[in-house]
Structure formats: structure tokens, C-alpha cells
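Reading the structure
So the chains spell out like this:
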Amino acid sequence: MKHTRIFWITALLVLTNLRVAADDGMQHLLVKTEMRTDYRNDFGHPGVGGVSDNGLRVNNLFLSIDGRIDKHLSYAFRQRLNRMNPDPSVMASVDWAQLIWSPNERWSFAAGKQVMEVGSMEYDANPNDVFRYSEWIQHAAAYQLGASARRYLRNGDELTFQIAQSLCDADLHRYFSYNVSWRRPAGVWRPYWSAHMHQYAPQSYMAMTALGNRFFFGRWWICLDWVQRSTIHHLRTTGHLAEDFTLIGCVDWRITDHVTFTIEGSYDHNADDADDNLAFISTRLGVIGGGLLWYPTSDNRYRFHATFNHSFGQNPLGTLPADSWGMNFGLTWRLNLVNR
């Protein structure tokens, strides 16, 4: 309770200072909150540790603060308020907190806690918009301290170079990832591709590529991801390159302005790479699901969802259970608290 009071007092002081700064001439300030509440029921397995996690819960509760100090310097912050902060890790619930310097329209540089640059549409999606992740993302340390440089190309594409704590290191924080990504944010085809070297042990690295693709055809949105992984040790020992991967697909059909039908699926496979800690050896797990999304207002701030999923195959060492069914009902809302 003491820590909760300290957090809210600090948050109020920060927001007050931001409002004063805005009155003193700050060009932009946006404070947002977002929450998803679910009723979840999984069939065919007892849950993690034999304990069921079915029932009503707050899936995610976000507080986001974005601002521009002057025409070159801005900041971005997002905290997941429903995630506990184990002492002394005060940043465990903070997804990102970074300063961004943009010397001109072609370059920007950022430092702080960041999202790891991984070119997968499932990985890149807002967590409140994903109803069942594939297996490998369950083990990825997606938010890490790092620094990045982004180049904006003349055709609107973006190239990003990033050095950060490792995607494969959720606890020790002593290993690094080296990432480069290419993104096209507009057009019929919107690729988000990346290449990586993730350190997972002293002098040990995993090579990874992620080829995310999203296509927009009027009321149809289609995505197709291919994530390829191979530890350098495994590659040198066996020469096997294409036996450790994740394939992800999704289709969204906007039936009306208020109703969307969605279907999604994934397949994680790791035949024999024992050093891969994102999808463990002997993983051959498929997940398929879908459902209906209803937006009662024209601004899409509120959404009701009803979805189902089914997993099949085998996943003896992983997180997602094989051969189970699940359903999910809930509400998502997104509000702007301050926008000036």
C-alpha cells in the first residue's frame, strides 16, 4: 500500500509539472490511458503449475505520456499499471521511457528503455489487440535499455539501427542485441523486416531474421510473418538453418464501420536447437483462433470482443499448452486525458 501511494503521488506531481511546462510554451503534450478487461476460459489444461487462471481480469492497463519539448527534442513514456514491480526493479512495469533527438527531418536518435526492433507484425502490435500470442514471444524480453538511430528515407521508409540489452536475457541484463530494421508505414504493402544478433550466454549468439508483412485492401487487412532463428553454435555444429522458426498469419475483415471479423494463426517449430530459449527444443505447436470485434462509437475508442482459440501439436517445455481450447470475452477502452 505504501508503494502504491508513492507511485500515485509521483504520477500526479509529474502530470502537474507537465501541465505547467505546456503552459510555458511546450509545443505538444499527450497523456493517454488504455485498458482491456477480459473474461477468459481455457479448456483442456489445468493452467500453469496446475492452477487455473480462468476468470475475469484486467489484461493490460496502460498510462502513456508523449511530449515535445522543442522542435528537436521529444520524449515517450508508457507504463503498464497492472504489472508488479519486484524490488529493486522499479522499471519492470515500464515498457518504454526514452528521449528522442531529431536534428533534422531525416534522422532521429533515441536512448532509454525501448521496444526491441523486431520485424514481426504480431510482436509489433499493441498487446491489447492480440488475443493469443505465438509461443516464442512468451519468452522474449521485448522492452530493454538501449539506444537507436533512425533514418527516414525519401519514399517514407524507415531504417533503424539499435543496440540494446538482449532479447534473450530477461533476468541478468548483461548481454546485448544488435538489431537493424526496415519499415514502410504506408501503402498497400507495409513490410517490417529486421535482422539480429542476440547474445544469450558469454560469447554465444543467436542469429534471427523477422519478416513481417501487412497488406491493406480496402476493408481487408492481411498479415504474414516469418521469424527464423538459429544459434551460431547449432549452425556450426549441424548446418541446419531452417528448422527453428515461427510462422504467423492473420486476416481482419471490416464487415461494417463498427464490426470486424478476425482470424489468426501461428506455428512454432524447433527441431533440434537446444540453445534456443525463445522456442524450446521439440516445440511443434500450432495455434488458430478468431472472433468478432464490435466498436460501438465512430472514433473506435471502445471495443467489445468475443474470440476463441485452439492449440495443437506438442510443446513439452514451453508456456502455451497443446491440445486445448479457449475463449475470451471483454472490453477495451482508450482515452486521451490531456492533449495540448
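The rules we used
- Residues numbered from 1 in each chain as written.
- Predicted model: local features only at pLDDT ≥ 70, side-chain atom pairs only at ≥ 80, totals over all residues.
- Heavy atoms only, no water.
- 1 Å grid on protein atoms, 1.4 Å probe; cavity = no way out; pocket = protein on both sides within 12 Å on 5 of 7 lines; lining within 4 Å.
- Points joined across faces, edges and corners; volume = space filled by probe spheres on them.
- Helix = DSSP H or I, 4+ residues; strand = E, 2+ residues; numbered from the N terminus.
- Nonpolar A, V, L, I, M, F, W, Y, C, P; charged D, E, K, R; others polar.
- Core = buried A, V, L, I, M, F, W, Y, C linked by side-chain atoms within 4.5 Å.
- Buried < 20%, exposed > 50% of the residue type's maximum accessible area, 1.4 Å probe, protein only.
- pLDDT = per-residue confidence, 0-100.
- Contact = heavy atoms within 4.5 Å.
- Phe/Tyr/Trp six-rings, centres within 6.5 Å; stacked < 30°, edge-to-face > 60°.
- Lys NZ or Arg CZ within 6 Å of the ring centre and 35° of its normal.
- Polar contact = N/O pair within 3.5 Å; in protein donor to acceptor, adjacent residues only side chain to side chain.

Right, let's talk about empty space enclosed by the protein for a bit. Summed over all chains, the structure comprises 1 cavity of 30 Å³ or more. Of the voids in this model, the largest cavity is the one considered here, and its volume is about 40 Å³. Considering the residues around the largest cavity, the lining is formed by R132, V287, N309, H310, S311, L320, P321 and S324. Here the element with the most residues in the lining of the largest cavity is strand β15 (residues 302–314); it accounts for 3 residues. Taken together, the residues that form the lining of the largest cavity break down as 3 nonpolar, 4 polar and 1 charged.

On to the nonpolar core, then. Grouped together as the largest cluster of nonpolar side chains are 24 residues, with contacts concentrated most on M116, V118, Y123, W136, L167, M208 and L278. When contributions to this core are tallied by element, the ones reaching two or more residues are β4 (94–101), β9 (189–201) and β10 (204–217). Broken down by element, the residue count for this core peaks at 3 residues, all from β10. One finds V31, L63, I65 and Y75 within the second-largest nonpolar core, a separate group that totals 6 residues.

Now for the confidence of the model for the protein chain. Predicted confidence across the protein chain gives a mean pLDDT of 88, with 88% of residues reaching 70 or more. A low-confidence stretch, residues 1–13 (pLDDT under 50), is modelled with 4 contacts involving residues beyond four sequence positions or located in other chains. Scored below 50 in pLDDT, residues 18–24 makes 11 contacts in the model with residues more than four places away or belonging to other chains.

A complete count under the given rule lists 13 aromatic pairs for this structure. Ring centres 6.1 Å apart and planes at 10 degrees place the aromatic pair Y123 and W136 in the stacked group. One end of the pair, Y123, is in helix α2 (residues 121–124); the other, W136, is in the loop between α2 and β6 (143–152), and 13 residues separate them in sequence. The interplanar angle of 75 degrees and the centroid separation of 6.0 Å between the aromatic rings of W182 and W189 together place this pair among those described as edge-to-face. Among the aromatic residues, those joined into a ring-pair cluster are W101, W107 and F109. The ring of F62 is capped by R78, whose NZ or CZ atom sits 4.0 Å from the centre of that ring. A cation over a ring is seen here: R190 above F216, with NZ or CZ 3.7 Å from the ring centre.

The next thing to look at is unusual backbone geometry. The backbone of S282 shows a phi angle near 75 degrees, a positive value even though the residue is not glycine. Tracing the chain through its elements places S282 in the loop between β13 (259–270) and β14 (283–294). A positive phi angle, close to 60 degrees, is found at N300, a residue other than glycine. With respect to the helices and strands, the residue N300 is situated in the loop between β14 and β15. According to the relative accessible area criterion, N300 is partly exposed, its value standing at 27%.

Quick look at the side chain of T262 now. Mapped onto the secondary structure, T262 falls in strand β13. Taking the relative accessible area as the measure of exposure, T262 reaches 8% and is therefore buried. A polar side-chain atom of T262 sits 2.6 Å from a polar atom in the side chain of D252. Excluding anything up to four places from it in sequence, T262 contacts V251, D252, G289, G290, G291 and L293.

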